[in-house]
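Below, each chain spelled out in residue letters.
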Amino acid sequence: MAVTATQEGNTLDMHVSPLGRVEGDLDVRVKITDGVVTEAWTEAAMFRGFEMILKGKDPQAGLIVTPRICGICGGSHLYKSAYALDTAWATHVPQNATLVRNIAQACESMQSNPRYFYAIFAIDLVNKNYAKAEGYDEAVRRFAPFVGESYEPGVTLSNKPVEVYAIFGGQWPHSSFMVPGGVMCGPTLSDITRSIAILEFWRDEWLEKIWLGSSVDRWLENKTWDDVQAWCDENESQHNSDCAFFVRYAQEIGLHKYGGGVGNYLATGTFFEPSLYENPTVEGRNDALISRAGVYAGGEYHDFDHMRVKEDTSHSFFKDYGLLHPWEGRTEPITPEEGKKKDKYSWAKSPRYEVEGHGYIPLEAGPLARQVIAGREGAPDHADYDPLIMDMMDKLGPSIFVRQMARMHESAKLYKNTMKWLSDIDLHGSFYTKPVEHESGKGFGSTEAIRGSLSDWIVIEDGKIENYQVVTPTAWNVGPRDDQSQHGPIEKALIGSPIVDAEDPVELGHVARSFDSCLVCTVHAYDGKTGRELAKFKMGGM
Amino acid sequence: MASLLWLQGGACSGNTMSFLNAEEPTAVDLVTDFGIDVLWHPTLGMELGDNAKKIFNDCVSGEKPLDIFVFEGSVIEGPDGTGEYNMFADRPMKDWVRELSDVAQIVVAIGDCACWGGIPATKPNPTDSNGMQYLKREQGGFLGTDFKSKMGLPVINIPGCPAHPDWVTQILVAVASGRAGDIALDDLQRPQTFFKTFTQTGCTRVQMFEYKQATTSFGEGTRQGCLFFEFGCRGPMTHSPCNRILWNRQSSKTRAGMPCTGCTEPEFPFFDLAPGTVFKTQKVSGAIPKELPEGTDHLTYTTMAAAARIAAPKWSKEDIFVV
């Protein structure tokens, strides 16, 4: 376990290295005063240069290259890179192809939820700091790595939804079967029936049996926080589910009290109503979405407009250009040594969004953001309107707990939608319309990876890629300060976190992992005054 | 009982995600049933932080025996040979890779990036990414041509983008069950048992390949024909068991209508993704595929193809993968 710490005075500077491992390594530095985090810096610690590799390449190179940015949401990368080309080339996408793309995107997300919850997040719930909690023994029985009763089925059964991905796309991870104009596959009857059977198995064995203890439909009747609390104690089966246990235990250990973040949210949306997006355009995108796009800032909803997205590199290891829209975006690295002289500290850029009256502000992306936007009234019939998480936000405010509930709530909705899309496929219809490969064009494609908004901006000139910029959910959430010194969302969420045991600050792990940006956590603590290393801490383990 | 340490360099975690899809055995079974002692892995909740670093150091010093060192991702050497594009636990990752490789009984490179540099090493290779013992097809890589692990083996390459989980789990079970001696390697240091055959071996489109019948459109167009002639499928030139050991227990790219991109070969992504090369067969004289199945020449091929087309029965030109 953790090495002994000697604290001097009431301030600790901690260097957390590495903290994250989703798109490379993430380090975090925090300053802790009187047991509360008072300052934070998130530092992406790896650079691979994908946007530089794409320049000058075949216009379709993004279909192969961008999924390899992240093997955890590679299918999401494929999805939005296909739409970037669809909009650039003004393709026709048959309704069946839209359905297949929706199904594939949803299956990747359904895979990710249990895998993330048990393998990444819930391990922290059995941290020895909670040994005195009433629910601790039960947390250990359920969530202990490898041996927990829910851990093994949760992690193992997460492979089922991506079996469906493989039926349509050949494999998961890293297929490139979505192409401008549709999809490569021509599904057969048994592709559909087998997919239905696999997803029903996943629903039976994990979603209903282990996570909910109720039917999916019963869970989806919950529209308010009061509903959820009543649901938890409605019967023995629901009471004993992982979900209801998490609701009780999270409140017992205080996960509803911190980790709120910037309080402003972005969803670029995903899943298209097939009849409304046969001719994908950037302008027509918002109206065709099922999981809607939008921005919630300063307590108000705003329509999403991609032209308001800009990236800042003032604290990133890249040359400074001021705020640039991704179509004009540039990726020219400088050495960390050189960058540190200019107060730069991360390989992530800082995406910002212009909200009238607020300027360019950081926004949180992810399941919480999606469900906040889902709570906006006035949705058209085809789109998702869902007040549950917004009600929890009203009652509890943003926190680690609400962020987790938003994410796991989506499992039920993803399942329902996917089953509908499977039943809507017309096997005798078309899945592809060959596009005209224009010599030039500009495109924007976007989706919601399970961990948040994920977008490509492509500029094609003379039959090759002139510029390609990818803005990931990790950049939205993990990005460093900007030129206005505004913190990135995780930095902001870390500030204010209580640290009960400075030798094992599991709270930092909860916050960072609730954004799903974090697979590995290490804490190095330094004396605030002398910089001398005091202790090194292990986070999140047993 | 075998100890295993798994690190990620210039990686996307795709091989880890693929690994977690495994069944028979699952990743959890490897630990609980096969006694693989996972000293550390970035995703699986093992010892972390200072304890993790202590494990690496104990391995390097010899205090803790390291049986299997698995590396995923490219070895990043930039900028200017410093490796600072990829820092890990306060050091360039490449320094950990060197020291841990020297003490491991067996070194396994998993995925293209670790085997040969992969996508990060695609021109212009902005991070100076290298493979463990190859850079693309050139032997040497980061560890050098002469590198041998403690057991006297070169790096075992398990390529693919990503590698199929079984290619990894079965090798680990082989090592754990005392069958390491049965792992024969090909001339690119890949386990022969997986990589002697071609991606095309077992492909459902192989009859249409034999009769030279082309798929001419994606989507419903892939209900017929073979993807080699128009869509750049590399199945006949690529060594992998993708159509013998199916993906996610269900299918393969070529079965699902997607051309093989040759991702178990060092040149992936082929032609450095130059304009006009993605999902398009490169041809000579506008008609004959430039690259042919291994071991054939253009004269023999065109002669055989002409005969095959004459011999092609009606069904080989029709939709065969029907509703």
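Refer to the preceding data block for the structure.
Note that this is a predicted model, so its numbers are computed, not measured. (Residues numbered from 1 in each chain as written. Chains lettered and ligands numbered in written order. Predicted model: local features only at pLDDT ≥ 70, side-chain atom pairs only at ≥ 80, totals over all residues. Heavy atoms only, no water.)

If you had to explain the overall build of chain A to someone new, which residues and values would you point to?
Looking only at helices and strands, chain A features 20 helices and 19 strands. Taken over the C-alpha trace, chain A has a radius of gyration of 23 Å; the compact-globule value for 542 residues is 24 Å, and the two agree within 12%. Each principal axis of the C-alpha distribution contributes one length, and for chain A these read about 70 × 60 × 40 Å. Within chain A, contacts between residues separated by at least 24 positions form 70% of all contacts whose residues are at least 6 apart in sequence. Carbon and sulfur atoms make up 48% of the accessible area of chain A, which amounts to about 16400 Å² in all. The positive charge centre, built from 53 side chains, and the negative charge centre, built from 77, are 4 Å apart in chain A. (Helix = DSSP H or I, 4+ residues; strand = E, 2+ residues; numbered from the N terminus. Rg over C-alpha atoms; globule rule 2.2 N^0.38 Å. Contact = heavy atoms within 4.5 Å. Areas by Shrake-Rupley, 256 points an atom, 1.4 Å probe, with all protein chains shown as cover. Lys, Arg positive; Asp, Glu negative; His and termini not counted. Charge placed at Lys NZ, Arg CZ, Asp CG, Glu CD.)

Break down the pattern of salt bridges for me, with residues and values.
Scanning the entire structure with this criterion turns up 51 salt bridges over all chains. Across the pair Asp90(B) and Lys53(B) runs a salt bridge whose closest N-O atoms are separated by 2.9 Å. One end of the pair, Asp90(B), is in the loop between strand E5 (87–88) and strand E6 (91–92); the other, Lys53(B), is in helix H3 (residues 49–61), with 37 residues separating them in the sequence. One network of salt bridges, with partners in common, ties together Glu138(A), Arg141(A), Arg142(A), Glu149(A) and Asp242(A). (Salt bridge = Lys/Arg side-chain N within 4 Å of Asp/Glu carboxyl O.)

Quick rundown of the nonpolar core? Include the residues and the values.
Considering soluble globular proteins, one finds that nonpolar side chains tend to be buried as a cluster. Ranked by internal contacts, the top residues of the largest apolar core, which has 207 residues, are Phe168(A) and Phe177(A). Here this core takes 14 residues from helix H4 (residues 95–121) of chain A, the largest share from any one element. Per-domain counts for this core show at least three residues from each of domain 1 (1–48 + 505–542) and domain 2 (112–254 + 399–420) of chain A. Each residue touching Phe177(A), except ones within four places of it in the same chain, is listed here: Leu78(A), Val100(A), Ala104(A), Tyr165(A), Phe168(A), Gly169(A), Gly182(A), Val183(A), Met184(A), Cys185(A) and Met258(B). One finds Leu39(B), Phe69(B), Val107(B) and Ala114(B) within the second-largest nonpolar core, a separate group that totals 32 residues. (Core = buried A, V, L, I, M, F, W, Y, C linked by side-chain atoms within 4.5 Å. Buried < 20%, exposed > 50% of the residue type's maximum accessible area, 1.4 Å probe, protein only. Domains from an automatic or database assignment.)

Describe the packing of aromatic side chains, listing the residues and the values that go with them.
Applying the stated criterion to the full structure yields 53 aromatic pairs over all chains. Between the aromatic rings of Tyr130(A) and Tyr249(A), the centroid separation amounts to 6.5 Å while the plane-to-plane angle is 80°, which identifies the pairing as edge-to-face. Placement of Tyr130(A) in the loop between H4 and helix H5 (136–143) and of Tyr249(A) in helix H12 (residues 242–252) is noted, with a sequence separation of 119 residues between them. Side by side, Tyr130(A) and Tyr249(A) carry an identical accessibility label, which is buried. When the ring centre of Phe209(B) is taken as reference, the NZ or CZ atom of Lys212(B) above it lies at 3.8 Å. (Phe/Tyr/Trp six-rings, centres within 6.5 Å; stacked < 30°, edge-to-face > 60°. Lys NZ or Arg CZ within 6 Å of the ring centre and 35° of its normal.)

For the packing of helix H16 (residues 388–396) of chain A against helix H17 (residues 400–424) of chain A, give the residues involved together with the corresponding values.
Residues and elements named next belong to chain A. It is at 10 Å that the axes of H16 and H17 come closest, and there the two elements cross at 170°. By the angle between their axes, H16 is roughly antiparallel relative to H17. Across from Leu388, Ile389, Met392, Met393 and Leu396 in H16, the residues of H17 making contact are Phe401, Val402, Met405, Ala406 and His409. Of the residues belonging to the contact of H16 with H17, the class tally is 9 nonpolar, 1 polar and no charged. (Axes fitted to C-alpha atoms, helices over the stretch in contact; angles between N-to-C directions. Parallel < 35°, antiparallel > 145°, perpendicular 65-115°, else oblique. Nonpolar A, V, L, I, M, F, W, Y, C, P; charged D, E, K, R; others polar.)

Provide a residue-level description of the interface of chain A and chain B, including the pertinent values.
The extent of an interface is frequently quoted as the accessible surface area lost upon association of the parts. Of the residues lining the interface, 89 residues belong to chain A; the matching set on chain B comes to 80 residues. Taken together, the connections running from chain A to chain B amount to 3 salt bridges. Lys280(B) is the salt-bridge partner of Glu437(A), the closest N and O atoms lying 3.1 Å from each other. In this structure, the connection of chain A to chain B is made through 32 residue pairs in polar contact (both at pLDDT 80 or more). A per-class count over the side of chain A that touches chain B returns 49 nonpolar, 24 polar and 16 charged. (Polar contact = N/O pair within 3.5 Å; in protein donor to acceptor, adjacent residues only side chain to side chain.)

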